[in-house]
Amino acid sequence: QKEVEQNSGPLSVPEGAIASLNCTYSDRGSQSFFWYRQYSGKSPELIMSIYSNGDKEDGRFTAQLNKASQYVSLLIRDSQPSDSATYLCAVKEGRRALTFGSGTRLQVQP
Amino acid sequence: KAGVTQTPRYLIKTRGQQVTLSCSPISGHRSVSWYQQTPGQGLQFLFEYFSETQRNKGNFPGRFSGRQFSNSRSEMNVSTLELGDSALYLCASSLTGSSEQYFGPGTRLTVT
């Protein structure tokens, strides 16, 4: 079982809709959770970090964490074609290295 | 503040050769991590350095090595290159005590 699991997609949503990206992790000791966005041919860009259960909002992005169920999600409201990218979930436990999921490809249709 | 910089951006090498990649972290960041990204394996952790000491190491063969200098700049070296080493090599830096990592643009290595 992979440590961080994501559906590879593509997830296709129409412009203006809410895109919901999900991630599950296996290490119950994980403490820090991150979402990165990676455009084709570019490097990952940190867009959200979350450390405690609940929701964290930043503009059109909301990260949700449920440690009991070991999942973290990213909601993108009012999706735009420019949001089309691969979204990587990353998880960290203590001083261990960051572990990445394989990413979900999001396509926002104009 | 300038971001993470990596040099060179593109590199073509022949099997059996060795290569050295360089990374300069964001000013004030003392932790540097290296990753290999391939279409088949995704982002895989190579190693992490903090204050010139290797703090974590991924599951890569000994042909992959790295180091960090007193100014926090880091280099990674791959010896005896194989075709499978063709990948995007990414460096990320973070502040002391923070788990948030910021990536550089990467070095695209092609081994022929």
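Below is a summary of the structure that appears in this document. (Residues numbered from 1 in each chain as written. Chains lettered and ligands numbered in written order. Predicted model: local features only at pLDDT ≥ 70, side-chain atom pairs only at ≥ 80, totals over all residues. Heavy atoms only, no water.)

### Things to note about the packing of aromatic side chains
Right, so step 1: Inspection of the entire model under this criterion finds 10 aromatic pairs over all chains.
Right, so step 2: Seen from their ring centres, A:Phe100 and B:Phe103 are 6.0 Å apart, and the 65° between their planes marks the pair as edge-to-face. Within this pair, whereas A:Phe100 is found in strand β10 (residues 99–100), its partner B:Phe103 is found in strand β10 (residues 102–103), the two belonging to separate chains.
Right, so step 3: Of the residues examined, B:Phe103 reaches a relative accessible area of 10% and is grouped as buried.
Right, so step 4: When the ring of B:Phe47 is compared with that of B:Tyr49, the centres are 5.8 Å apart and the planes differ by 65°; the resulting orientation is edge-to-face.
Right, so step 5: Accessibility expressed as a relative area gives 1% for B:Phe47, which makes it buried.
Right, so step 6: The class for B:Tyr49 is buried, based on a relative accessible area of 4%.
Right, so step 7: Among the aromatic residues, those joined into a cluster by ring pairs are A:Tyr36, A:Phe100, B:Tyr35, B:Phe45 and B:Phe103.
Right, so step 8: Cation over ring: A:Arg60 sits above A:Phe61, and NZ or CZ is 5.6 Å from the ring centre.
Right, so step 9: The cationic tip of B:Arg55 hangs over the ring face of B:Phe50; the distance from NZ or CZ to the ring centre is 4.7 Å. (Phe/Tyr/Trp six-rings, centres within 6.5 Å; stacked < 30°, edge-to-face > 60°. Helix = DSSP H or I, 4+ residues; strand = E, 2+ residues; numbered from the N terminus. Buried < 20%, exposed > 50% of the residue type's maximum accessible area, 1.4 Å probe, protein only. Lys NZ or Arg CZ within 6 Å of the ring centre and 35° of its normal.)

### Some words on the state of the cysteines
All names here are of chain A.
Right, so step 1: Inspection of every chain in the model, using the stated rule, returns two disulfides over all chains.
Right, so step 2: The partner cysteine of Cys23 in its disulfide is Cys89, sulfur to sulfur 2.1 Å. In this structure the cystine formed by Cys23 and Cys89 twists about its S-S bond by roughly -70°; its chirality is therefore left-handed. Of the two residues, Cys23 sits in strand β3 (residues 19–25) while Cys89 sits in strand β9 (residues 85–92), which places them 66 residues apart along the sequence. (Disulfide = S-S within 2.5 Å.)

### Overview of the environment of A:Lys67
Residue and element names in this part refer to chain A.
Right, so step 1: Topologically, Lys67 is positioned in the loop between β7 (61–66) and β8 (71–76).
Right, so step 2: Residues Lys67 and Ser30, 37 residues apart in the sequence, show an inter-C-alpha distance of 8.5 Å.
Right, so step 3: Each residue touching Lys67, except ones within four places of it in the same chain, is listed here: Tyr25, Arg28, Ser30, Gln31, Phe33, Tyr51 and Asn53. (Contact = heavy atoms within 4.5 Å.)

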